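Below are the chains, spelled out letter by letter.
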Protein chains: 2
Amino acid sequence: MQTKTKNNEALPKATAKRLPAYYRLFKKLYNDNVERTNSQQIAENLGVDSATVRRDFSYFGELGRRGYGYETKTLRDFFSELLNDGQETNIALVGVGNLGRALIHYRFHERNKMRITQAYDVAGNPLVGTTTDDNIPIYNISDIKKNLVNDDIETAILSVQSEHAQDATDILVDAGIKGILNFTPQRLSVPDSVVVQSVDLTSELQTLLFFMKNKD
Amino acid sequence: MQTKTKNNEALPKATAKRLPAYYRLFKKLYNDNVERTNSQQIAENLGVDSATVRRDFSYFGELGRRGYGYETKTLRDFFSELLNDGQETNIALVGVGNLGRALIHYRFHERNKMRITQAYDVAGNPLVGTTTDDNIPIYNISDIKKNLVNDDIETAILSVQSEHAQDATDILVDAGIKGILNFTPQRLSVPDSVVVQSVDLTSELQTLLFFMKNKD
């Protein structure tokens, strides 16, 4: 199901990527007892320009009124629904190395209803068969299909070494995973029914260096 | 200094963010002895459409020839220069918690000339005064200004807890840091002379869930 925009256009990817930031801002403003705000203030908070905010919001029809602005409670509820934050999401993590262990401890749940509930690695990893101090079991990857079906998990975080990225992905897809947050620098081959969102830390650092070098 | 584009336009941020992926692809193709490629193949590799590739490349003038395509060696060298990958970049990491420790071990250097050479935390962290098994010293944050000036470091990775993000940023700016890769979910206030690139892991996961929910 595609998100319904005002004119049934597909939502641009750049807009979709800003939705978590909008949601976060409206939650904060609401908690700070700010009742309404406007596109200039939203833009300043997010570090984008106000035309971008107005264009993003225009995809969803009338979120505010001219000369009045946006009610923070209404917008918080709107983005919560849009991002499905009313519902708990359980996540499996695959690859319990340095980065995987850090991600298991990362407080995804602090601000949202997303939680890593299981982790996997190959039999050779001594952590397999143990449980983290946050009570996350670390299973053998060979058990993943059985476990995911039982626990109705469709989302995975992939933090294996690059050279195992595609093999692990194939296992995840076979086990019914529909979305992968990919921390490896590999581009993953998946069927059309599976979504991949990649976080390439090396690219992020290169992009920073590029912007530093080319600062006017 | 702004990157010179063909018509002296500013390079769009979305294009700038794809540069590391282009560079990575041309390095790989060259190493695989592929002599030339075309925008369709580049697009498939990056998961974007070929019009985007042609538009991105058009900002840099004549990188290829119609009907011939792009020479991988020429393009590899072009992006290496653009991304300043001929030069070693030393980086300081601030905040040696779970994520910070994982980032210290992350192989930024494997594919590029970027390297974390120092880490910092507050005196209360028992790791301060020790050295990691990769030989990265972990210093007291109070020594940062002196150390950074001595070592000519202008780039920092920020992986402290959210509530200390702005204080740590102020210390970094005061110590002469010109670019921050921000792993905290906080929006940081910095002077115009400093660049911030943010990696918000919670937002990445929310974006994945949004795309999964709205898959057509």
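An unreviewed UniProt entry annotates chain A as Redox-sensing transcriptional repressor Rex originating from Floricoccus tropicus. Checking UniProt for chain A, the heading Subcellular location (unreviewed entry) contains the comment "Cytoplasm". Under the Sequence similarities (unreviewed entry) heading, UniProt states for chain A: "Belongs to the transcriptional regulatory Rex family."

Some remarks on the sheet that holds strand β3 (residues 89-94) of chain B
Residues and elements named next belong to chain B. Reading across from one edge, β5-β4-β3-β6-β7-β8 is the order of the six strands in this open sheet, with parallel pairing throughout. Here the strands that pair on one side only, and so sit at the sheet edges, are β5 (138-140) and β8 (195-198). In this sheet, neighbouring strand axes are inclined to one another by 25° on average, regardless of whether the strands run parallel or antiparallel. Sheet analysis places strand β6 (residues 155-158) next to strand β7 (residues 179-182), joined by four bridges and oriented parallel.

Section: the sheet that holds strand β6 (residues 155-158) of chain A
Strand order in the open sheet formed by six strands is β5-β4-β3-β6-β7-β8 (chain A), and the pairing between neighbours is parallel. The open sheet has two free edges, formed respectively by β5 (138-140) and β8 (195-198) of chain A, since each of these has just one partner strand. Taken over all neighbouring pairs, the strand axes of this sheet differ in orientation by 25° on average, direction set aside. Lying over the sheet, helix α9 (residues 201-213) of chain B contacts β3 (89-94), β4 (114-121), β6, β7 (179-182) and β8 of chain A, oriented at roughly 160° with respect to β8 of chain A.

Let's talk about the domain arrangement of chain A
On domain assignment, one finds that chain A holds domain 1 (13-82) and domain 2 (89-203). Taken over C-alpha atoms, the centre of domain 1 of chain A sits 32 Å from the centre of domain 2 of chain A.

So, the UniProt feature "DNA-binding region" (unreviewed entry) in chain A
The sites that UniProt annotates as "DNA-binding region" (unreviewed entry) are residues 21-60 of chain A. Across residues 21-60 of chain A, helical content stands at 70% and strand content at 5%; the span's end C-alpha atoms are separated by 16 Å.

Here we look at the interface of chain B and chain A
Buried accessible area, meaning the area lost when the parts come together, often serves as the stated size of an interface. Tallying the contact residues gives 68 residues for chain B and 68 residues for chain A. Of the roughly 6,200 Å² buried between chain B and chain A, counting both surfaces, carbon and sulfur atoms make up 61%. There are zero salt bridges connecting chain B and chain A. Taken together, the links from chain B to chain A amount to 14 residue pairs in polar contact (both at pLDDT 80 or more). Its residues assigned to classes, the side of chain B that touches chain A shows 31 nonpolar, 21 polar and 16 charged.

Digging into the UniProt feature "domain: CoA-binding" (unreviewed entry) in chain A
UniProt records the feature "domain: CoA-binding" (unreviewed entry) at residues 84-187 of chain A, using the numbering of this structure. Secondary structure content for residues 84-187 of chain A is 29% helix and 24% strand, while the C-alpha to C-alpha distance between its ends is 27 Å.

Describing the packing of helix α5 (residues 98-105) of chain A against helix α5 (residues 98-105) of chain B
Close contact between α5 of chain A and α5 of chain B brings their axes to 8 Å; oriented N to C, the two are set at 165°. By the criterion of interaxial angle, the relationship of α5 of chain A to α5 of chain B is roughly antiparallel. Of the two possible hands of crossing, α5 of chain A and α5 of chain B adopt the one that is left-handed. The residues of α5 of chain B that touch α5 of chain A, namely those facing Asn 98, Leu 99, Ala 102 and His 105 of chain A, are Asn 98, Leu 99, Ala 102 and His 105 of chain B. When grouped by side-chain class, the residues that make up the contact of α5 of chain A with α5 of chain B number four nonpolar, four polar and no charged.

Observations regarding the relation of the copies chain B and chain A
Superposing the two chain copies requires a rotation about an axis and a translation along that axis. Turning chain B through 180° and shifting it by 0.0 Å along the axis lays it on chain A, with an RMSD of 0.0 Å. Taken together, these values place the two copies in the relation of a two-fold axis. Closest approach to the rotation axis within chain B is made by the C-alpha atom of Ala 102 of chain B, at a distance of 3.1 Å. Interface overlap between copies is the fraction of interface residues in one copy that are interface residues in the other; for chain B against chain A it reaches 100%, indicating a shared surface.

Looking at a positive patch on the surface
Together, Lys 13 and Lys 17 of chain A together with Lys 13 and Lys 17 of chain B line one region of the surface with positive charge. Tracing the chain through its elements places Lys 17 of chain A in helix α1 (residues 13-31). Taking the relative accessible area as the measure of exposure, Lys 17 of chain A reaches 45% and is therefore partly exposed.

Observations regarding the side chain of Ser 203 of chain A
Topologically, Ser 203 of chain A is positioned in helix α9 (residues 201-213). In terms of polar contacts, Ser 203 of chain A uses its side chain to reach the side chain of Asp 200 of chain A, at 3.1 Å.

Topic: the pairing of strand β4 (residues 114-121) of chain B
Residues and elements named next belong to chain B. For β4, a buried count of six out of eight residues is recorded, marking the element as mostly surrounded by other parts of the structure. Examined bridge by bridge, β3 and β4 share six bridges and lie parallel to one another. Counterpart to Ile 91 in the pairing with β4 is Ile 116.

What to know about the packing of aromatic side chains
For any pair of aromatic rings, the description rests on two quantities: the centre-to-centre distance and the angle between the ring planes. Taken as a whole and assessed by the stated rule, the structure comprises 24 aromatic pairs over all chains. Aromatic side chains Phe 57 of chain B and Tyr 70 of chain B sit 5.1 Å apart centroid to centroid with 85° between the ring planes, which places their arrangement in the edge-to-face category. Taken together, the residues Phe 57 of chain B in helix α3 (residues 50-58) and Tyr 70 of chain B in strand β2 (residues 70-71) connect sequence positions 13 residues apart. Taken as a pair, Phe 57 of chain B and Tyr 70 of chain B share a single burial class, namely buried. Look at Phe 57 of chain B and Phe 79 of chain B: their rings are 5.7 Å apart centre to centre, the planes differ by 45°, and that puts the pair in the tilted class. Taken together, the residues Phe 57 of chain B in helix α3 and Phe 79 of chain B in helix α4 (residues 72-82) connect sequence positions 22 residues apart. The burial state of Phe 57 of chain B is the same as that of Phe 79 of chain B; both residues are buried. In this structure an aromatic cluster arises from ring pairing among Tyr 22, Phe 26, Phe 57, Phe 60, Tyr 70, Phe 78 and Phe 79 of chain A. For the cation-ring pair, Lys 13 of chain B lies above Phe 211 of chain A, with the distance from its terminal atom to the ring centre recorded as 5.5 Å.

Things to note about unusual backbone geometry
All names here are of chain B. Positive phi is not limited to glycine here, since Asn 33 has a value of about 65°. With respect to the element layout, Asn 33 can be found in the loop between α1 (13-31) and β1 (36-37). Taking the relative accessible area as the measure of exposure, Asn 33 reaches 67% and is therefore exposed. Although it is not a glycine, Asp 152 sits at a positive phi angle of roughly 55°. Within the element layout of this structure, Asp 152 appears in the loop between α7 (144-151) and β6. The class of Asp 152 is exposed, set by a relative accessible area of 64%.

What counts, and where the lines are drawn
Residues numbered from 1 in each chain as written. Chains lettered and ligands numbered in written order. Predicted model: local features only at pLDDT ≥ 70, side-chain atom pairs only at ≥ 80, totals over all residues. Heavy atoms only, no water. UniProt positions renumbered as here; feature names shortened; annotations may be inferred. Pairing = 2+ DSSP bridges. Helix = DSSP H or I, 4+ residues; strand = E, 2+ residues; numbered from the N terminus. Axes fitted to C-alpha atoms, helices over the stretch in contact; angles between N-to-C directions. Contact = heavy atoms within 4.5 Å. Domains from an automatic or database assignment. Buried area = accessible area lost by both parts, 1.4 Å probe. Salt bridge = Lys/Arg side-chain N within 4 Å of Asp/Glu carboxyl O. Polar contact = N/O pair within 3.5 Å; in protein donor to acceptor, adjacent residues only side chain to side chain. Nonpolar A, V, L, I, M, F, W, Y, C, P; charged D, E, K, R; others polar. Parallel < 35°, antiparallel > 145°, perpendicular 65-115°, else oblique. Left-handed = near helix turned anticlockwise from the far one by under 90°. Least-squares fit on C-alpha atoms with pLDDT ≥ 70 in both. Patch = residues over 30% accessible without salt bridge, like charges linked within 9 Å, V, L, I, M, F, W, Y side chains within 5 Å. Areas by Shrake-Rupley, 256 points an atom, 1.4 Å probe, with all protein chains shown as cover. Lys, Arg positive; Asp, Glu negative; His and termini not counted. Charge placed at Lys NZ, Arg CZ, Asp CG, Glu CD. Buried < 20%, exposed > 50% of the residue type's maximum accessible area, 1.4 Å probe, protein only. Phe/Tyr/Trp six-rings, centres within 6.5 Å; stacked < 30°, edge-to-face > 60°. Lys NZ or Arg CZ within 6 Å of the ring centre and 35° of its normal.

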